[in-house]
Amino acid sequence: RIKCCTSPPLASACSVRSMPPAYKVVDGKSCEVALLDLGEKLTRGKSLTLQAARSIWANALDGNKITERERNSIQHIIKSSPHGLTSDAHVFFQYWLNEKHATKLKGGKLEMVDGMKCDSAMIQVVKHFQGIEGGGSLSVRAAEGIWFSALDGRGVTNREKDTIALILRKYSFQAPAKAFLESKLSWLSMTADALEADTGAAAALPGFMLLTRSDAMALEDLSPVPLPSSKLPGSSSVPLPPPLDTPPSASSSGSHLRGGQMQLLKTPVLSDFLGTCKKR
């Protein structure tokens, strides 16, 4: 028997009946339908990969934490994946489903680091992983924690982008961890340049939202976009690979759009992935 409900509640009983269920009970536990559907999509005909695991986790995050219902949903996805999980995906879920500290850190507060106002929660995530990893090069789990912290609001802002850049410049990362954060920073930097070219100085303000949360999560499906080394602090030792997906063309400086190929939109679309730019 499946029990369903909608959220938020609607005024009309008729309109409630017309809405698809937001939750359902599976094996006696309440789960989110949207997460279950995402899990089914990402495991259709293949094993659940690390990339898919990150997408599921990012979609489940609610203010950088996981609710009981979301946890139930993830555990059901893991259990019911018809082709199992890759070893990387298994390690990912094993870690994050048991993590107790980083997922409690929320943004909103600022912290001065090297004369720059940074997102405090992201800095605290770095310090937390420095402590538990012995002070050496930070792992891919640390890089994921930093990115998940950036997703704790309605979207990713200039300040969060700049905090990632400072973290990459200031701290040492293992190669996979560094590549993970540099990939996110490359797209955020391209987006910031495009928005500033279109809207002017307002787009350069620290609190300006570069990507909505849903669009930022979609970056997991995109390859890095190469940018000058000045945009990627400390990136010279781990150069970005050429993008496998062909993103909209940007100028070599990233400061303006080339040939009118990208049109800035206020709705989330970028070649069906990213919501700042759309090919004409």
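A brief structural summary.

Parameters at a glance
The numbering scheme is per chain: residues are counted from 1 as the chain's sequence reads. In view of the model being predicted, local features appear only for residues whose pLDDT reaches at least 70, and side-chain atom pairs are presented and counted only at 80 or more, with totals across whole chains, interfaces and linings using the full set of residues. The side-chain figures draw on all heavy atoms in the structure; neither hydrogens nor water molecules are used. A run of DSSP states H or I qualifies as a helix once it reaches four residues; a run of E qualifies as a strand once it reaches two. Both are numbered from the N-terminal end. When accessible area is computed with a 1.4 Å probe and restricted to protein chains, residues below 20% of their type maximum are described as buried, those above 50% as exposed, and intermediate ones as partly exposed. Contacts are residue-level and defined by heavy atoms, with any inter-residue pair within 4.5 Å sufficient. For this analysis, a salt bridge means a side-chain nitrogen from Lys or Arg found within 4 Å of a carboxyl oxygen belonging to Asp or Glu. For two strands to pair, DSSP has to find at least two bridges joining them. Here a cavity is any set of points on a 1 Å grid over the protein atoms alone where a 1.4 Å probe fits but cannot get out, and a pocket is any open set with protein on both sides within 12 Å along at least 5 of 7 lines; a residue lines the site when it has an atom within 4 Å of a point. Grid points are joined across faces, edges and corners, and a volume is the space filled by probe spheres set on the points. Note on residue classes: Ala, Val, Leu, Ile, Met, Phe, Trp, Tyr, Cys and Pro are nonpolar, Asp, Glu, Lys and Arg are charged, and everything else, Gly too, is polar. Side-chain rings of Phe, Tyr and Trp (the six-membered ring for Trp) are treated as a pair once their centres are within 6.5 Å; stacked means planes under 30 degrees apart, edge-to-face means over 60, and tilted covers the remaining angles. A ring is considered to have a charge above it if a Lys NZ or an Arg CZ atom is located within 6 Å of its centre and within 35 degrees of its normal. Orientation is described by lines fitted to C-alpha atoms, with helices fitted over the stretch in contact, and by angles between N-to-C directions that extend from 0 to 180 degrees. For classification purposes, an angle smaller than 35 degrees is called roughly parallel, one larger than 145 roughly antiparallel, one from 65 to 115 roughly perpendicular, and anything else oblique.

Here we look at the side chain of Arg213
Checked against the element boundaries, Arg213 lands in helix α10 (residues 213-217). Relative accessible area serves as the criterion here: at 16%, Arg213 is assigned to the buried category. Beyond its immediate chain neighbours, meaning those up to four positions away, Arg213 contacts Ala58, Leu61, Leu151, Gly153, Arg154 and Gly155.

Remarks on the pattern of salt bridges
Counted according to the given criterion, the structure contains nine salt bridges. Residue Glu220 is joined to Lys184 by a salt bridge in which the shortest nitrogen-to-oxygen separation is 3.4 Å. Of this pair, Glu220 sits in the loop between α10 and β8 (262-264) while Lys184 sits in helix α9 (residues 175-199), and the two are 36 residues apart along the sequence. Lys184 carries the same exposure label as Glu220, and that label is buried. Beyond isolated ion pairs, a larger network of salt bridges with shared partners links Arg54, Arg141, Glu144, Lys184 and Glu220.

Notes on the pairing of strand β2 (residues 23-26)
Pairing geometry for β2 and strand β3 (residues 29-32), over four bridges, is antiparallel. Following the sheet pairing, Lys24 is matched in β3 by Cys31. Between the antiparallel neighbours β2 and β3 lie two residues, among them Asp27 with a positive phi of about 55 degrees.

Side note on empty space enclosed by the protein
Scanning the entire structure with this criterion turns up two cavities of 30 Å³ or more. Estimates place the volume of the largest cavity at around 40 Å³. What lines the largest cavity is simply Arg54, Ser55, Ala58, Trp147, Phe148, Lys184, Met217 and Glu220. Contributing elements (two or more residues each) for the lining of the largest cavity: α3 (50-60) and α7 (140-150). In terms of residues, the lining of the largest cavity owes the most to one element, α3, which gives three residues. Of the residues contributing to the lining of the largest cavity, the split by class is four nonpolar, one polar and three charged.

Here we look at the packing of aromatic side chains
Under the definition given, this model contains eight aromatic pairs. What links up through ring pairs into an aromatic cluster is the set Trp57, Phe92, Phe93, Tyr95, Trp96, Phe129 and Phe148. Above the ring of Tyr23, the side-chain terminus of Arg69 is found at 3.7 Å from the ring centroid. The lysine or arginine in question, Lys184, covers the ring of Trp147, its NZ or CZ lying 5.7 Å from the ring centre.

Structural notes on the packing of helix α2 (residues 33-42) against α3
Running from N to C, α2 and α3 point in directions that differ by 170 degrees, and their axes come no closer than 10 Å. When the interaxial angle is binned, α2 and α3 end up roughly antiparallel. The residues of α3 that touch α2, namely those facing Leu35, Leu38, Gly39 and Leu42, are Ala52, Ser55, Ile56, Asn59 and Ala60. Residues belonging to the contact of α2 with α3 are distributed by class as follows: six nonpolar, three polar and no charged.

All quantities given are derived from atomic positions and should not be read as evidence of function.
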